[in-house]
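These are the residues of each chain, in order.
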Amino acid sequence: MIVAIGRRLAGIVATLLASSFVIFAAVYAAPGDPAVFLAGGRDKLTPERLAEVRARYHLDEPMAVQYGRWLWDCLHLDLGRSLKYSDQVSDLLASRLPTTLALVGYATVLFVLLGVGAGVLAAVRRGTWIDSAVVGGTTLAASVPSFVGGIALVAVFGVRLGWFPVSGSGSGFAGTVHHLTLPATAMALGALAVVSRVTRQAMVDAGTADHVAVARAAGLPERHIVRRHVLRNALGPIVTMCGLVTAGMLAGTVAIETVFGLSGIGSLLVGAINSHDFPVAQAVLLLMVTSYIVVTSVVDLVHPVLDPRLEAVRSPV
């Protein structure tokens, strides 16, 4: 057990190191010179002034040295200072992160409840018009990009009907839920389609097991069979897919927060890229990658608990 945990932790650390290097190298190679931005623009910018700025911020050092310095600072929770706002990057993330987490959490609740419910309903009513309606509706939802769905929701429920606000994150629990309903719904549409499909297929596969046939032959109620035997055995792939979708949603907030004018880390990333604010862009990307790795690792640990057959296969005889 200790060896397995050590290997898993070593794999996580290696993945984070590789991801951090890719992020730093990508931002380093991006168009634009941060020294020009730090010097106040190109107007009246002399070579001496540019060289002074490069030396002050260590921009004249090789990329490997800059990466090592940045990684060392990140390990000490020092993400640098924003070139645009002149604030600590960690403070900017702390002020924007609650809005993004609330949005992702709201969207996760929606797609888990509706997606799993629709998948279970389609599997139980397999071959009927209900199954066809669920499959057709989820196919349509999956084919619509999240930002297109967001614009449509704003046009209908925000502008025409006036039921929900079209910008801002609100205050208080009720206000936050009211303001984030449309963006969370837009984010959840595509995820709902994927989760419902996986749930339906997992339920269908679990329903063909021998013990399910024995339970039906014994005369157990169908509701009891579906809940205790079919759904329970199908939880493994369902939970795994829900975890993967939730982990990927943090990056999906970029488009949604832009459409709905939310002050989260997604819109912060867009602004940082447009203004060549490299420390902020690097920090946000690193946060997204780290969150994805952590969530997927937790899902990988929980999966054998939900499906003991996997643990039996991994364990030596």
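Residues numbered from 1 in each chain as written. Predicted model: local features only at pLDDT ≥ 70, side-chain atom pairs only at ≥ 80, totals over all residues. Heavy atoms only, no water.

J.: An account of the overall build of the protein chain is needed here, citing residue identities and associated values.
T.: Of regular secondary structure, the protein chain possesses 13 helices and 0 strands. Ordering the α and β elements of the protein chain from the N terminus gives α-α-α-α-α-α-α-α-α-α-α-α-α. Long-range contacts, defined here as pairs at least 24 residues apart, represent 70% of the contacts in the protein chain between residues at least 6 apart. Of the roughly 17400 Å² of accessible surface on the protein chain, 67% is carried by carbon and sulfur atoms. (Helix = DSSP H or I, 4+ residues; strand = E, 2+ residues; numbered from the N terminus. Contact = heavy atoms within 4.5 Å. Areas by Shrake-Rupley, 256 points an atom, 1.4 Å probe, with all protein chains shown as cover.)

J.: Hey, could you go over the nonpolar core for me, with residue numbers and the actual values?
T.: Of all hydrophobic cores here, the largest spans 56 residues; its most connected members are Leu 93, Phe 111, Met 203, Met 249, Phe 260, Val 280 and Val 284. Per element, the largest residue contribution to this core is 13 residues, and it comes from helix α8 (residues 172–207). Apart from the residues within four sequence positions on either side, Val 284 is in contact with Leu 93, Ile 265, Leu 268 and Leu 269. (Core = buried A, V, L, I, M, F, W, Y, C linked by side-chain atoms within 4.5 Å. Buried < 20%, exposed > 50% of the residue type's maximum accessible area, 1.4 Å probe, protein only.)

J.: Could you give me a rundown of unusual backbone geometry, with the residues and numbers involved?
T.: Here Leu 77, not a glycine, exhibits a phi torsion of approximately 60 degrees, which is positive. Mapping Leu 77 onto the fold places it in the loop between α4 (63–75) and α5 (89–124).

J.: Explain the environment of Leu 250 residue by residue, including any values.
T.: Turning to its location among the elements, Leu 250 is positioned in helix α10 (residues 222–260). Overall, Leu 250 belongs to the buried group, its relative accessible area being 8%. Residues Leu 250 and Ile 265, spaced 15 residues apart in sequence, show a C-alpha to C-alpha distance of 8.8 Å.

J.: Explain a positive patch on the surface to me, and be specific about the residues and the numbers.
T.: A cluster of basic residues, Arg 223, Arg 227, Arg 228 and Arg 232, forms a positive patch at the surface. Looking at the element boundaries, Arg 223 is found in helix α10. With a relative accessible area of 68%, Arg 223 lands in the exposed category. (Patch = residues over 30% accessible without salt bridge, like charges linked within 9 Å, V, L, I, M, F, W, Y side chains within 5 Å. Salt bridge = Lys/Arg side-chain N within 4 Å of Asp/Glu carboxyl O. Lys, Arg positive; Asp, Glu negative; His and termini not counted. Charge placed at Lys NZ, Arg CZ, Asp CG, Glu CD.)

J.: Tell me what's going on with the environment of Val 230, and back it up with residues and numbers.
T.: Counting through the fold element by element, Val 230 comes out in helix α10. Once the C-alpha coordinates of Val 230 and Val 212 are considered, the two residues, 18 residues apart in sequence, prove to be 7.2 Å apart. Those residues within four positions of Val 230 in sequence are excluded, and the remaining contacts are Met 203, Ala 206, Gly 207, Val 212 and Ile 225.

J.: Got a sec to walk through the environment of Tyr 106? Specific residues and values, please.
T.: Along the chain, Tyr 106 falls in helix α5. Expressed as a C-alpha distance, the spacing of Tyr 106 and Thr 176, which sit 70 residues apart in the sequence, is 9.9 Å. Aside from chain neighbours lying at most four places away, what touches Tyr 106 is Val 177, Leu 180, Thr 181 and Ala 184. At 3.0 Å, the side chain of Tyr 106 forms a polar contact with the side chain of Thr 181. (Polar contact = N/O pair within 3.5 Å; in protein donor to acceptor, adjacent residues only side chain to side chain.)

J.: How would you explain the side chain of Ser 20 if you had to name every residue and give the values?
T.: Along the polypeptide, Ser 20 turns up in helix α1 (residues 2–28). Polar contacts involving the side chain of Ser 20 include one to the main-chain carbonyl oxygen of Leu 17, which spans 2.7 Å. Setting aside chain neighbours within four positions, we find Ser 20 in contact with Tyr 67, Trp 70, Leu 71 and Leu 286.

J.: Which residues make up the packing of aromatic side chains, and what values do they have?
T.: Within this structure, the stated rule accounts for 5 aromatic pairs. Note on Phe 157 and Trp 163: the rings are 5.7 Å apart at their centroids and 45 degrees apart in plane angle, and the pair reads as tilted. Look at Trp 163 and you get exposed, because its relative accessible area is 51%. One aromatic cluster is present, built from ring pairs that chain together Phe 21, Phe 24, Tyr 67 and Trp 70. (Phe/Tyr/Trp six-rings, centres within 6.5 Å; stacked < 30°, edge-to-face > 60°.)

J.: Summarise the packing of α5 against α10; cite the residues concerned and give the values.
T.: α10 packs onto α5 with a crossing angle of 145 degrees between their chain directions and a minimal axis gap of 9 Å. Considering only the axes of α5 and α10, their crossing is right-handed. Residues Thr 100, Leu 103, Val 104, Ala 107, Thr 108, Phe 111, Val 112, Val 116, Val 120 and Val 124 of α5 touch α10, and the partners they reach there are Val 226, Leu 231, Ile 238, Cys 242, Val 245, Thr 246, Met 249, Leu 250, Thr 253, Ile 256 and Glu 257. Residue composition of the contact of α5 with α10, by class: 16 nonpolar, 4 polar and 1 charged. (Axes fitted to C-alpha atoms, helices over the stretch in contact; angles between N-to-C directions. Left-handed = near helix turned anticlockwise from the far one by under 90°. Nonpolar A, V, L, I, M, F, W, Y, C, P; charged D, E, K, R; others polar.)

J.: Tell me about a nonpolar patch on the surface, and please be specific about residues and values.
T.: The grouping of Leu 140, Val 144, Phe 147, Val 148, Ile 151 and Val 259 at the surface amounts to a nonpolar patch, some 480 Å² of accessible area in total. Note that Val 148 resides in helix α7 (residues 146–160). Residue Val 148 is classed as partly exposed on the basis of its relative accessible area, which comes to 36%.

J.: Outline the confidence of the model for the protein chain, supporting the account with residue identities and numerical values.
T.: Segments scoring low in pLDDT should not have their predicted coordinates read at a detailed level. In the predicted model, the protein chain carries a mean pLDDT of 78, and the fraction of residues at 70 or more is 86%. By mean pLDDT, helix α13 (residues 308–314) is the weakest element of the protein chain at 49, and α5 is the strongest at 87. Within the model, pLDDT remains below 50 along residues 312–317, and this stretch shows 3 contacts once partners closer than five positions in the same chain are excluded. (pLDDT = per-residue confidence, 0-100.)

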